[in-house]
2 protein chains.
Amino acid sequence: MKSIGLIQVYTGDGKGKTTAAVGLAIRALGHGFKVCYISFHKNPEKWGYSEHAVLKKNGADVFALAGKHSLCNKRVHAASVREDCLKGLGFIKEILKGKKYDLLIIDEINISLRGGYLKTDEVISLLQEKPPDLEVVLTGRGAPVKLIKFADLVSRIKKVKHPYDKSIKRRKGIEY
Amino acid sequence: MKSIGLIQVYTGDGKGKTTAAVGLAIRALGHGFKVCYISFHKNPEKWGYSEHAVLKKNGADVFALAGKHSLCNKRVHAASVREDCLKGLGFIKEILKGKKYDLLIIDEINISLRGGYLKTDEVISLLQEKPPDLEVVLTGRGAPVKLIKFADLVSRIKKVKHPYDKSIKRRKGIEY
């Protein structure tokens, strides 16, 4: 990144958080910046998030960490999700040390915080170790107040209307 | 689009409207859907929006229509902007007739409405002509209530914090 790197947060209950991060990744890639895209609590094997494939094809490094979530799968224990999330933070710590990227996206990390799998201070401590020119984007509903205070740019995406409310199911190419 | 096509609106004063639309385009392209990405009131020659280039590279058709805006350039008359916007609607009408696409994004069209260059009824009439399986995404702050009522999915992106407030200028790869 050729300018100061900030911390961005996209939160709220509306559609557009992950897609905003993906769009930002595309914009950065278009300028030749190096992009790392990490998702938490997503299972690409099940849903085959097509945006991950396109990001990879365009030069981003893409990783899915801590794929499980105890609310989505009752057989998954919260302790094992926390363990996976902590491993994820360890992985990100190495990414930060490597200083290889201009933009780092951590999709759905707010879900780890909301679910209590990670503590806000753990995430903030990690972010404090980021290289000064690295832009970091965090997404997911329920961003804690402390994280919002810490961040430089925060957008809250409010659902005014969503077709789920009309019982229209997740649509390929739109919701995943 | 292999499912029902809806109307989505991304509005509000926060960062993430255009990038959410770009991310959605990438997701759709990843599933092999045909994407048309149109921007209003943007001047790619001046700003070289890198996301347009990446969208093109990945198979989307990209058009910048009605590039001028009388608020951004005092020498531009509102009447000529309205004329350009109406031409833009004519162009989109042909796109709808062509039935070539699965996803049509009209970036910043809400700005045409907010500026009074287009009437909400003109845009809604056009949207009523869309093929049933075409998903349409409209972005820009200040979406009128009538458009919000007409749409199926609406996200309002609220600025909680933006670095512009700290006098940090537009950054390459992040804001454009």
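Going by the structure above, here's the rest.
Residues numbered from 1 in each chain as written. Chains lettered and ligands numbered in written order. Predicted model: local features only at pLDDT ≥ 70, side-chain atom pairs only at ≥ 80, totals over all residues. Heavy atoms only, no water.

K.L.:
Which parts of the structure should I look at to understand the overall build of chain A?
P.N.:
What chain A contains, in helices and strands, is 7 helices and 6 strands. Overall, chain A shows an N-to-C arrangement of helices and strands of β-α-β-α-α-β-α-β-α-α-β-α-β. Relative to a compact globule of 176 residues, whose C-alpha radius of gyration would be 16 Å, chain A shows 16 Å and is just as compact. Projected onto its principal axes, the C-alpha coordinates of chain A cover approximately 45 × 35 × 30 Å. Considering only intrachain contacts with a sequence separation of at least 6, the fraction spanning at least 24 residues in chain A is 79%. Here chain A has roughly 7700 Å² of accessible surface; of this, 53% comes from carbon and sulfur atoms. One way to put it: in chain A the 33 positive side-chain charges average out to a point 6 Å from where the 18 negative ones average out. (Helix = DSSP H or I, 4+ residues; strand = E, 2+ residues; numbered from the N terminus. Rg over C-alpha atoms; globule rule 2.2 N^0.38 Å. Contact = heavy atoms within 4.5 Å. Areas by Shrake-Rupley, 256 points an atom, 1.4 Å probe, with all protein chains shown as cover. Lys, Arg positive; Asp, Glu negative; His and termini not counted. Charge placed at Lys NZ, Arg CZ, Asp CG, Glu CD.)

K.L.:
Even after reading the chapter, I still don't get the nonpolar core, so can you show me in this structure?
P.N.:
The nonpolar side chains of soluble globular proteins are, as a tendency, buried together. Judged by nonpolar contacts, the single largest core of 40 residues is most densely connected at Ile26(A), Leu55(A), Ile26(B) and Leu55(B). Of all the elements in the fold, those that place two or more residues in this core are α1 (17-30), β2 (35-40), α3 (50-57) and β4 (103-107) of chain A together with α1 (17-30), β2 (35-40), α3 (50-57) and β4 (103-107) of chain B. Among all residues touching Leu55(B), those that are not within four sequence positions of it are Val22(B), Ala25(B), Ile26(B), Leu29(B), Tyr37(B), Ala60(B) and Val62(B). (Core = buried A, V, L, I, M, F, W, Y, C linked by side-chain atoms within 4.5 Å. Buried < 20%, exposed > 50% of the residue type's maximum accessible area, 1.4 Å probe, protein only.)

K.L.:
Sorry, what's going on with the relation of the copies chain A and chain B here?
P.N.:
There are two copies of the chain, and a rotation about an axis plus a shift along that axis relates them. When chain A is fitted onto chain B, the two copies agree to an RMSD of 0.0 Å after a turn of 180 degrees and an axial shift of 0.0 Å. On this basis, the relationship between the two copies can be described by a two-fold rotation axis. By residue overlap, the copies meet face to face through one surface: 100% of the interface positions of chain A are interface positions in chain B. (Least-squares fit on C-alpha atoms with pLDDT ≥ 70 in both.)

K.L.:
What's the story with the sheet that holds strand β1 (residues 7-11) of chain B in this structure? I'm lost.
P.N.:
Paired through their backbone hydrogen bonds, the strands of a sheet run either parallel or antiparallel. The strand order across the open sheet formed by 12 strands is β3(A)-β2(A)-β4(A)-β5(A)-β1(A)-β6(A)-β6(B)-β1(B)-β5(B)-β4(B)-β2(B)-β3(B), and the pairing between neighbours is mixed. For this open sheet the edge positions go to β3 (61-65) of chain A together with β3 (61-65) of chain B, each flanked by a neighbour on one side alone. Averaged over all pairs of adjacent strands, the angle between their axes in this sheet comes to 15 degrees, without regard to strand direction. Taken strand by strand, α1(A) contacts β1 (7-11), β2, β4, β5 (135-139) and β6 (153-161) of chain A, and its axis lies near 165 degrees from that of β4(A). Lying on the sheet, α1(B) is in contact with β1, β2, β4, β5 (135-139) and β6 (153-161) of chain B; it crosses β4(B) at an angle near 165 degrees. (Pairing = 2+ DSSP bridges. Axes fitted to C-alpha atoms, helices over the stretch in contact; angles between N-to-C directions.)

K.L.:
Is there a simple way to explain the packing of aromatic side chains in this structure?
P.N.:
Two aromatic rings are characterised by how far apart their centres lie and by the angle between their planes. Scanning the entire structure with this criterion turns up 2 aromatic pairs over all chains. A cation sits over an aromatic face here: Lys42(A) above Tyr49(A), 5.2 Å from the ring centre. (Phe/Tyr/Trp six-rings, centres within 6.5 Å; stacked < 30°, edge-to-face > 60°. Lys NZ or Arg CZ within 6 Å of the ring centre and 35° of its normal.)

K.L.:
Teacher, can you tell me more about the interface of chain A and chain B here?
P.N.:
It is common to give the size of an interface as the accessible area lost on bringing the parts into contact. Chain A puts 53 residues into the contact, and the matching count from chain B is 53 residues. For the pair chain A and chain B, the summed buried surface comes to about 4400 Å²; carbon and sulfur atoms form 59% of the total. Glu135(B) is the salt-bridge partner of Arg171(A), the closest N and O atoms lying 2.6 Å from each other. Viewed at the interface, chain B and chain A are joined by 30 residue pairs in polar contact (both at pLDDT 80 or more). For the side of chain A that touches chain B, the elements supplying multiple residues, two or more each, are β1, α1, α3, α7 (145-150) and β6 of chain A. Here the side of chain A that touches chain B takes 10 residues from α1(A), the largest share from any one element. (Buried area = accessible area lost by both parts, 1.4 Å probe. Salt bridge = Lys/Arg side-chain N within 4 Å of Asp/Glu carboxyl O. Polar contact = N/O pair within 3.5 Å; in protein donor to acceptor, adjacent residues only side chain to side chain.)

K.L.:
For this particular structure, what's the right way to read the packing of helix α4 (residues 78-98) of chain A against helix α6 (residues 120-127) of chain A?
P.N.:
For any two helices packed against each other, one specifies the inter-axial angle together with the distance between the axes. Residues and elements named next belong to chain A. Interhelical geometry of α4 versus α6 gives an angle of 10 degrees and a closest axis separation of 10 Å. It follows that α4 is roughly parallel to α6 by the angle criterion. Crossing handedness for the pair α4 and α6: right-handed. The residues of α6 that touch α4, namely those facing Arg82, Leu86, Leu89, Ile92, Lys93 and Leu96, are Glu122, Val123 and Leu126. (Parallel < 35°, antiparallel > 145°, perpendicular 65-115°, else oblique. Left-handed = near helix turned anticlockwise from the far one by under 90°.)

K.L.:
Would you take a moment to explain the side chain of Ser39(A) for this structure?
P.N.:
Locating Ser39(A) in the fold gives a position in strand β2. When neighbours within four sequence positions are excluded, Ser39(A) is seen to be in contact with His52(A), Phe63(A), Ala64(A), Leu65(A) and Asp107(A).

K.L.:
Honestly, the pattern of salt bridges in this entry has me stumped. Any pointers?
P.N.:
A pair can form between side chains of opposite charge whenever their charged atoms are brought close. All names here are of chain A. Taken as a whole and judged by the stated rule, the model has 26 salt bridges over all chains. Asp107 serves as the salt-bridge partner of Lys42, at 2.7 Å between the closest nitrogen and oxygen. Separated by 65 residues along the polypeptide, Lys42 in the loop between β2 and α2 (44-47) and Asp107 in strand β4 bring together distant segments of the chain. Each member of the pair, Lys42 as well as Asp107, carries the same accessibility label: buried. We note a salt bridge from Glu94 to Lys97, for which the minimum N-O separation is 3.5 Å. In this pair, Glu94 and Lys97 are both assigned in helix α4, 3 residues apart and thus about one turn of the helix distant.

K.L.:
Even after reading the chapter, I still don't get the pairing of β4(B), so can you show me in this structure?
P.N.:
Regular strands show a simple pattern: their side chains alternate between the two faces of the sheet. Residue and element names in this part refer to chain B. Counting buried positions along β4 gives 5 out of 5 residues, so the element sits mostly inside the fold. Neither face of β4 is exposed, since Leu103, Ile105 and Asp107 on one face and Leu104 and Ile106 on the opposite face are all buried. Both β4 and β5 contribute to a ladder of 4 bridges, which runs parallel. Bridging from a neighbouring strand, Ile106 pairs with Leu138 of β5.

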